[in-house]
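# Coordinate analysis (summary)
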Amino acid sequence: MCSSDLLGVGLHLVDAAGTIVRGLRFDRFATTVISHGAVIDESGGVRFEQDIFTQNASSGLSVVRSAGTTIDHCTFADNGQLGLHAFDASGLVVRSSRLSHNNVEQFDPKMEAGGAKFSSVHDVVLDGVMADTNLGNGIWFDRSEEHTSELQSPCNLVCRLLL
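These numbers come from a predicted model, not from an experiment. Residue positions are counted from 1 within each chain, in the order its sequence is given. The model is predicted, so local features are restricted to residues of pLDDT at least 70 and side-chain atom pairs to those at 80 or more, both for listing and for counting; the totals for chains, interfaces and linings are taken over all residues. Working from all heavy atoms in the structure, the side-chain values ignore hydrogens and water.

Time to look at the overall build of the protein. Numbered from the N terminus, helices here are DSSP runs of H or I no shorter than four residues, and strands are runs of E no shorter than two. The helix and strand tally for the protein stands at 0 helices and 19 strands. The buried label goes to any residue with under 20% of its type's maximum accessible area, the exposed label to any with over 50%, and the partly exposed label to all in between, with areas taken from a 1.4 Å probe on protein chains only. For the protein, with 163 residues in total, the buried portion stands at 52%. Contacts: residue pairs with any heavy atoms within 4.5 Å of one another. The long-range fraction of contacts in the protein, counting pairs at least 24 apart against all pairs at least 6 apart in sequence, stands at 53%.

Written out as structure tokens, the structure is:
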């Protein structure tokens, strides 16, 4: 099921495994910190390809309680808090994507702000992910990461693994 709602979310995916979201731009959604992303994937098994997530109030994309999501050649830029957010996700693959100039609303970087935050995730692969000029952590892993690989993913100076 794919839907848009009145809470500032552009696309909410539930029970939509096998869906491909390709070549779309999600910008200027008034997402709240509670709803997280302009796009929310609670389905798993979704592919995001060549999409742009920009100038959203909180996060561009939020992957929550899902398995097997792939993000390929996507851009996350100028979002209010985070470019990409993932919580309780497994088998997430982020490939050839860019996280740039996120946290423009200057949220506290010690809490949750910057390029990407991955919390309670398992079996995550980052390959060719560029994180630069984010205000806060470029790429942040927090709480119980297992079997996580970061392959050739340069990031700004505040890119770190926080457990």
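Salt-bridge detection follows one rule: a side-chain nitrogen of Lys or Arg within 4 Å of a carboxyl oxygen of Asp or Glu. Considering all chains together, one arrives at 8 salt bridges under this definition. Where Arg 22 meets Glu 49, a salt bridge forms, and the shortest distance between an N and an O atom there is 2.7 Å. Separated by 27 residues along the polypeptide, Arg 22 in strand 3 (residues 20-22) and Glu 49 in strand 6 (residues 47-49) bring together distant segments of the chain. For Arg 22, a relative accessible area of 47% translates into the label partly exposed. The exposure class assigned to Glu 49 is buried, which follows from its relative accessible area of 14%. Of the charged contacts in the structure, one is a salt bridge between Glu 49 and Arg 47, with a shortest N-O distance of 2.6 Å. The exposure class of Arg 47 is partly exposed, given its relative accessible area of 29%.

Another point: the sheet that holds strand 4 (residues 25-27). Strand pairing in a sheet relies on backbone hydrogen bonds, with the paired strands running either antiparallel or parallel. Strand pairing is assigned whenever DSSP detects at least two bridges linking the two strands. Pairing is parallel in the open sheet, where 5 strands are placed in the order 4-7-10-13-16. What marks the edges here is a single partner per strand, and that holds for strand 4 and strand 16 (130-132). For this sheet the average axis-to-axis angle between neighbouring strands, irrespective of direction, equals 5 degrees. The pairing of strand 7 (residues 52-54) with strand 10 (residues 75-77) spans 3 bridges and is parallel. By the bridge assignment for strand 10, Phe 53 is matched with Phe 76. Each axis is a line fitted through C-alpha atoms, and for a helix only the stretch in contact is used; angles between axes span 0 to 180 degrees, taken between their N-to-C directions.

The buried fraction of strand 11 (residues 82-87) is high, at 5 of 6 residues. Pairing of strand 8 (residues 59-64) with strand 11, which is carried by 5 bridges, proceeds in the parallel orientation. Note on strand 11: the bridge partner recorded for Leu 61 is Leu 84. Bridge count between strand 11 and strand 14 (residues 114-119): 5 bridges; the pairing is parallel. For Ala 86, the partnering residue across the bridge sits in strand 14 and is Phe 118.

The pLDDT value tells you how sure the predictor is about a given residue, anywhere from 0 up to 100. Per-residue confidence for the protein averages 86 on the pLDDT scale, and 83% of its residues sit at or above 70. Overall, residues 156-163 carries pLDDT values under 50, and its contacts beyond four positions in sequence, including any with other chains, amount to 24 contacts.

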